[in-house]
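# Structural overview
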Amino acid sequence: MRQSTTILTLNTTRQGLVDVTDQIVRWLREQQMTEGLLTVFCRHTSASLLIQENAAPEVRTDLEAYFARIAPESREYLHDDEGPDDMPAHLRTALTQVQLAIPLIDGRLALGTWQGIYLFEHRRRPHHRTLALHLIGV
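Below: a short report on this structure. From a predicted model like this one, the values you see are computed outputs, not experimental measurements.

### As for helix 3 (residues 86-95)
Those residues of helix 3 that fall on the buried side of the exposure criterion are Asp 86, Pro 88, Ala 89, Arg 92 and Thr 93. Considered in projection along helix 3, the buried side chains sweep an arc of 165° and stay on one side of the axis. Turned more than 90 degrees from where helix 3 packs its buried face, Ala 94 and Leu 95 sit exposed. Close packing links the buried residues of helix 3 with strand 4 (47-53) and helix 2 (57-70).

Below you can see the structure in the form of structure tokens.
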């Protein structure tokens, strides 16, 4: 049994879903493991992770619109230290997840045909984001 870790650094440009599947798969190949479990952890409170449809861009558009409706920007929040998108970003993160666990089988992530791994940026302005990756396996 072996394990490997790294920090994946990303720069976001706007609110929305950013496909990080390729960057993660590149790192996985370097580890040369065939069976195991990958944990992806988002190190932020205003961004999150999703496994989601990777074929139709309308899915991402609809998801982004849905979260804007259920956690809208508003002056009614007490917490607005970094602007009107600050508290909604925290709410959207609370409603999603900051950690994913994905099996590695035969050297490949066990994602479905139409699944990709996404960082969900909840802030409007660009951000420097980091994901901690941990792979354990053989």
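The structure having been displayed, the exposition proceeds.
### Regarding the side chain of Thr 21
Relative to the helices and strands, Thr 21 resides in helix 1 (residues 21-31). Since its relative accessible area comes to 12%, Thr 21 is described here as buried. At a separation of 2.7 Å, a polar atom in the side chain of Thr 21 contacts the main-chain amide nitrogen of Ile 117. Among residues more than four places away in sequence, those in contact with Thr 21 are Leu 111, Gly 116 and Ile 117.

### Some remarks on the sheet that holds strand 1 (residues 2-12)
The strands making up a sheet are joined through hydrogen bonds of the backbone, oriented either antiparallel or parallel. Strand order in the open sheet made by the 5 strands is 1-8-3-5-6, with antiparallel pairing throughout. Whereas interior strands pair on both sides, the edge strands pair on one side only; in this sheet they are strand 1 and strand 6 (108-109). By the bridge criterion, 11 bridges tie strand 1 to strand 8 (residues 127-137) in an arrangement that is antiparallel. Considered in strand 8, the bridge of Leu 8 is made with Leu 131. Along the sheet face, helix 1 touches strand 1, strand 3 (36-42), strand 6 and strand 8 and points at about 155° away from the line of strand 1.

### Quick word on the pairing of strand 7 (residues 115-121)
The buried count for strand 7 comes to 6 of 7 residues, which makes it a mostly enclosed element. Alignment of strand 4 against strand 7, held across 7 bridges, turns out to be antiparallel. Within strand 7, the residue paired with Ile 51 across the bridge is Ile 117.

### Quick look at the sheet that holds strand 4
If you walk across this open sheet you meet the 3 strands as 2-7-4, and the pairing is antiparallel. Each edge of the sheet is formed by a strand with only one pairing partner; in this case those strands are strand 2 (16-19) and strand 4. On average, each strand axis in the sheet is inclined to that of its neighbour by 35°, with strand direction left out of account. In the sheet, strand 2 pairs with strand 7 via 4 bridges, with the strands oriented antiparallel. Of the residues in strand 7, the one forming a bridge with Asp 19 is Tyr 118.

Procedures and definitions
- Residues numbered from 1 in each chain as written.
- Predicted model: local features only at pLDDT ≥ 70, side-chain atom pairs only at ≥ 80, totals over all residues.
- Heavy atoms only, no water.
- Buried < 20%, exposed > 50% of the residue type's maximum accessible area, 1.4 Å probe, protein only.
- Helix = DSSP H or I, 4+ residues; strand = E, 2+ residues; numbered from the N terminus.
- Arc of directions from axis to C-beta.
- Contact = heavy atoms within 4.5 Å.
- Polar contact = N/O pair within 3.5 Å; in protein donor to acceptor, adjacent residues only side chain to side chain.
- Pairing = 2+ DSSP bridges.
- Axes fitted to C-alpha atoms, helices over the stretch in contact; angles between N-to-C directions.

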